[in-house]
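Close look at the chain arrangement
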Amino acid sequence: MRLTVLGRSPARPNPGEACAGYLVEGGGARLLVDIGPGIVAQLLLRHHPSELDAVVISHMHADHMLDLVTLRYVYPWRRLTRDERLRIVLPPGSADQLLYLARGVGGANHFEDAFRLGEHDGVTPLSFGSLTLTPRETQHYIPCWGFRAEADGRRLAYTADTAPCPGLNDLADGADLLLSEATLRSLDEDAQPPEPRGHLTPAEAGAAARDGRAGRLVLTHLPVDDAGVEWFRSDAAAAFGRDVEIAEPSKTYEI
Ligand SMILES: [Zn+2]
Ligand SMILES: [Zn+2]
């Protein structure tokens, strides 16, 4: 199985970097998981979207889905046949939100003419060839699902956006590679009690990887500022007890 990072920015983009978007390949399938701002330009360096089996979206925050608007312009400006349309897998209960977005950018059919839109149910594994993608709900400011991808006897887990929670622990459990968000530079940046939290510090990502006995931990969705990223790596590694990698834009990880 292979993971390619197309973008690692949090909602506020790092200069020159796209927001969330990851190519997952294995079991004869190729998926794009999340499609934040800037991802389509990165995707087109490698593939036409017709070479994807589906685009799968973790949650409806803009930094994970807004480039669906852009993706539509890659296709001819007419209603495509069913076979021509790309499958888009949305989180439960979000199809209506996409309709509002379509109206906002010019027309109710903006997405439907080019895409086959559907929702997953939050629990049932999805199959693409012999790749299985299992959603697991995480704790975030809005409903959000991470995914466990399994193919060729290997397991990749993607946390999407999450605070420490049972869903995160399930995702980390036994992952050959855990692709974890590490958005927080400190807990001050998260929601404060009594509001529920929604993101992780790098140390919390490292602890989840340790407790789940993950094989590798790759941190993503992190702000790159003047402080650099090395401290993310060292904080996470101290908790994990092993080396940690920082997701690099355009890099492919063999799993
Ligand atoms: Zn996010
Ligand atoms: Zn989010």
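Residues numbered from 1 in each chain as written. Chains lettered and ligands numbered in written order. Predicted model: local features only at pLDDT ≥ 70, side-chain atom pairs only at ≥ 80, totals over all residues. Heavy atoms only, no water.

**Quick word on the coordination of the zinc ion (ligand 1)**
How we decide: Donor atoms are limited to N, O and S found within 2.8 Å of the metal ion, a distance that becomes 3.2 Å for Na, K and Ca. With water left out, some sites might look partial. Geometry assignment treats four donors as tetrahedral when all angles are between 85 and 135 degrees, treats four as square planar and six as octahedral when opposite donors are over 155 degrees apart and all others between 65 and 115, and treats everything else as irregular. In this description a helix means any DSSP run of H or I spanning at least four residues, a strand means any run of E spanning at least two, and both kinds are numbered starting from the N terminus.
For the zinc ion (ligand 1), the full set of protein donor atoms is Asp63 (OD), His64 (NE2), Asp161 (OD) and His221 (NE2), and the range of their distances to it is 2.1 to 2.3 Å. Considering all four donor atoms around the zinc ion (ligand 1), angles at the metal cover 89 to 157 degrees and the coordination shape is irregular. The distance between the zinc ion (ligand 1) and the zinc ion (ligand 2) comes to 3.5 Å, with aspartate 161 serving as a donor to both metals. Highlighted residues: aspartate 161 in the loop between β10 (154-158) and α5 (166-172) and histidine 221 in the loop between β12 (216-220) and α7 (230-240), separated in sequence by 60 residues.

**Overview of the sheet that holds strand β13 (residues 245-246)**
Note the following rule: Pairing between strands is defined by DSSP: at least two bridges between the two strands are required. In what follows, residue pairs with any heavy atoms lying within 4.5 Å of each other are defined as contacts. Orientation is described by lines fitted to C-alpha atoms, with helices fitted over the stretch in contact, and by angles between N-to-C directions that extend from 0 to 180 degrees.
A sheet is described by the order of its strands in space; here seven strands give the open sequence β7-β8-β9-β10-β11-β12-β13, paired in mixed fashion. In this open sheet, the two strands that pair with only one neighbour each are β7 (126-128) and β13. Pairing of β12 with β13, which is carried by two bridges, proceeds in the parallel orientation. Among the inter-strand pairings, leucine 219 is bridged to a residue of β13, identified as isoleucine 246. Strands β11 (177-181) and β12 of the sheet are contacted by helix α6 (residues 202-211), whose axis makes an angle of about 155 degrees with β12. In this fold α7 packs onto β12 and β13, with an angle of close to 145 degrees to the strand it touches most, β12.

**A closer look at unusual backbone geometry**
Across residues other than glycine, the phi torsion is negative in most instances, and most of the peptide bonds are trans. To keep it simple, the criterion reads: A 1.4 Å probe rolled over the protein chains alone gives each residue an accessible area, and that area as a share of the maximum for its type sets the label: buried under 20%, exposed over 50%, partly exposed in between.
The omega angle of the peptide bond from proline 193 to proline 194 is 10 degrees, so this bond is cis rather than trans. Here proline 194 shows up in the loop between β11 and α6. Of note, the phi angle at alanine 160 is positive, near 55 degrees, even though the residue is not glycine. Within the secondary structure layout, alanine 160 lies in the loop between β10 and α5. Alanine 160 gets classed as buried once you look at its relative accessible area, which sits at 1%. Non-glycine residue histidine 221 carries a positive phi angle of around 60 degrees. Given a relative accessible area of 2%, histidine 221 falls into the buried group.

**Description of the pattern of salt bridges**
Note the threshold: In the sections that follow, a salt bridge refers to a side-chain nitrogen of Lys or Arg positioned within 4 Å of a carboxyl oxygen of Asp or Glu.
Following the criterion strictly, the structure yields 17 salt bridges and no others. Here arginine 155 ties to glutamate 150 by a salt bridge, and the two come within 3.0 Å at their closest N and O atoms. Assessed through its relative accessible area of 23%, arginine 155 is described here as partly exposed. One continuous salt-bridge network, built from bridges that share partners, spans Arg2, Glu25, Arg30 and Glu254.

**Here's the deal with the coordination of the zinc ion (ligand 2)**
Each protein donor to the zinc ion (ligand 2) is listed here as His59 (NE2), His61 (ND1), His140 (NE2) and Asp161 (OD); together their distances run 2.1 to 2.4 Å. Coordination at the zinc ion (ligand 2) comes from four donor atoms whose angles at the metal span 91 to 169 degrees, giving a geometry best classed as irregular. Here the donor residues for the zinc ion (ligand 2) map to a single chain with the spacing H-x1-H-x78-H-x20-D.

**Brief notes about the pairing of β11**
Here is the rule: Orienting the strands away from the viewer, one traces the path from the first strand over the helix to the second; a clockwise path indicates a right-handed crossover.
Here β11 lies mainly inside the structure; five of its five residues are buried. With three bridges joining them, β10 and β11 adopt parallel strand pairing. Note that in β11 the partner of tyrosine 158 across the bridge is leucine 179. Between the parallel elements β10 and β11, the chain passes through α5 in a crossover that is right-handed. Two strands pair when backbone bridges link them, and β11 and β12 are joined in this way by five bridges, in the parallel orientation. The partner of serine 180 across the bridge, within β12, is leucine 219. Handedness of the crossover joining β11 and β12 through α6 is recorded here as right-handed.

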